[in-house]
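# Summary of structural features
Chain by chain, the residues:
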Amino acid sequence: MSDMQGRTTATHVFDIARREMPHVALAAACRAATDRAGHLTGHGYALHAPDASLIDPACPDAVVRIVETVVDPALSALGLVLSRVETLAASRLEPKAEIAIIALRAGLLARLLDLAFEHLRERESFGRKTLQHQLVKARFSDTGAFLGQLREEVGLSQDRGRIDGAERLHNGIDTQTAQAAKLMGGHGLRAGSIHGLEYASGLLRAIFAARSHSGI
């Protein structure tokens, strides 16, 4: 999880979100954004594991008080809850945190796509392997290309200490996530499956990119 200096980078966050459960990826994003162990809060909310310490990236040393916690079955299947927290600072997200959240959502999209591929790999439709159908192949190709470009952009943003066009990137993740989720059909509605990841990703945008997305 760490580079040569023992720090978690945004590209690590992407890779961890792709292969691990969301609560592990959330912890990596917090580490990348604040160098502290916990889960991030933003605009008065937190998506987090029930036992995680909560960190406000604008005031990382402060104690965050939970006002109310909602236990949602779709989130519970991922080991998560949604909490409203006491707001400590009304400021825009720091660049490191903004980059980490985009990397986190991109990694969740990659995880979603991998799950869809595994689900469809042995399935057949209309007498052919489902993965051989042109529309399915095109969806995997388009989303895969988007993820490759986004991962590269995250790396470059990390090097320069800022991310340009965050709203554009969030919009792209939203579009690609919705399209990729359709690959699973009704199977994606199973607890802990693709639509749960899609839901969690949408909540992350609502929490951390409130300027460009409707509230929770």
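Preceding this section is the structure that the text describes.
Residues numbered from 1 in each chain as written. Predicted model: local features only at pLDDT ≥ 70, side-chain atom pairs only at ≥ 80, totals over all residues. Heavy atoms only, no water.

### Quick word on the packing of helix α4 (residues 95-120) against helix α7 (residues 194-208)
We apply this condition: Angles here are taken between N-to-C directions and fall from 0 to 180 degrees, while the axes themselves are lines fitted to C-alpha atoms, restricted in helices to the stretch in contact. Starting at the N terminus, helices and strands are each numbered in turn, a helix being any DSSP run of H or I of at least four residues and a strand any DSSP run of E of at least two. Throughout this description, any angle smaller than 35 degrees is read as roughly parallel, any larger than 145 degrees as roughly antiparallel, any in the 65 to 115 degree range as roughly perpendicular, and the remainder as oblique. Contacts: residue pairs with any heavy atoms within 4.5 Å of one another. Amino acid classes used here: Ala, Val, Leu, Ile, Met, Phe, Trp, Tyr, Cys and Pro are nonpolar; Asp, Glu, Lys and Arg are charged; the rest, including Gly, are polar.
Two elements in contact, α4 and α7, have axes whose closest approach is 10 Å; the angle formed by their N-to-C orientations is 170°. Here α7 runs roughly antiparallel to α4, going by the angle between their axes. Of the residues in α7, those in contact with Ile 101, Leu 104, Arg 105, Leu 108, Arg 111, Leu 112, Leu 115 and Ala 116 of α4 are Ile 194, Leu 197, Glu 198, Ser 201, Gly 202, Leu 204, Arg 205 and Phe 208. Grouping the constituent residues of the contact of α4 with α7 by class yields ten nonpolar, two polar and four charged.

### Let's talk about the nonpolar core
A general feature of soluble globular proteins is that nonpolar side chains tend to end up buried together. The following threshold applies: Nonpolar core, defined: a set of buried Ala, Val, Leu, Ile, Met, Phe, Trp, Tyr and Cys residues in which side-chain atoms within 4.5 Å join the residues together. Think of it in three bands: with a 1.4 Å probe and only protein chains considered, a residue is buried below 20% of the maximum accessible area for its type, exposed above 50%, and partly exposed in between.
Leu 47, Ile 102, Leu 104 and Leu 150 are the most contacted members of the largest nonpolar core, which totals 55 residues. Every element with two or more residues in this core is listed here: α1 (10-19), α2 (22-34), α4, α5 (134-160), α6 (166-181) and α7. Considering every element that reaches this core, the biggest residue donor is α4, with 15 residues. Setting aside chain neighbours within four positions, we find Ile 102 in contact with Leu 150, Val 154, Ile 163, Ala 166, Leu 169, His 170 and Ile 173.

### Comments concerning the sheet that holds strand β5 (residues 81-85)
Where we set the bar: Any two strands between which DSSP finds at least two bridges are classified as paired.
Overall, antiparallel pairing links the three strands, which are arranged β2-β5-β4 in an open sheet. Looking along the sheet, the strands with just one partner apiece sit at the ends: β2 (45-48) and β4 (66-70). Looking at each pair of strands side by side, their axes are set apart by 25° on average, direction ignored. Bridge analysis of β4 against β5 gives four bridges, and the strand direction is antiparallel. Across the sheet, residue Glu 68 finds its bridge partner in β5, namely Arg 84. Its contacts with the sheet place α7 against β2 and β5, and it is angled at close to 150° to β2.

### Regarding α7
Spelled out, the test is: Expected span, for any helix, means 1.5 Å times one less than how many residues it has.
With 15 residues, α7 ought to run about 21 Å at 1.5 Å a step, and its terminal C-alpha atoms sit 21 Å apart, in line with that. The buried fraction of α7 amounts to eleven of the 15 residues, a majority that puts the element mostly inside the structure. Among the residues of α7, Ile 194, Gly 196, Leu 197, Ala 200, Ser 201, Leu 203, Leu 204, Arg 205, Ala 206, Ile 207 and Phe 208 are the ones counted as buried.

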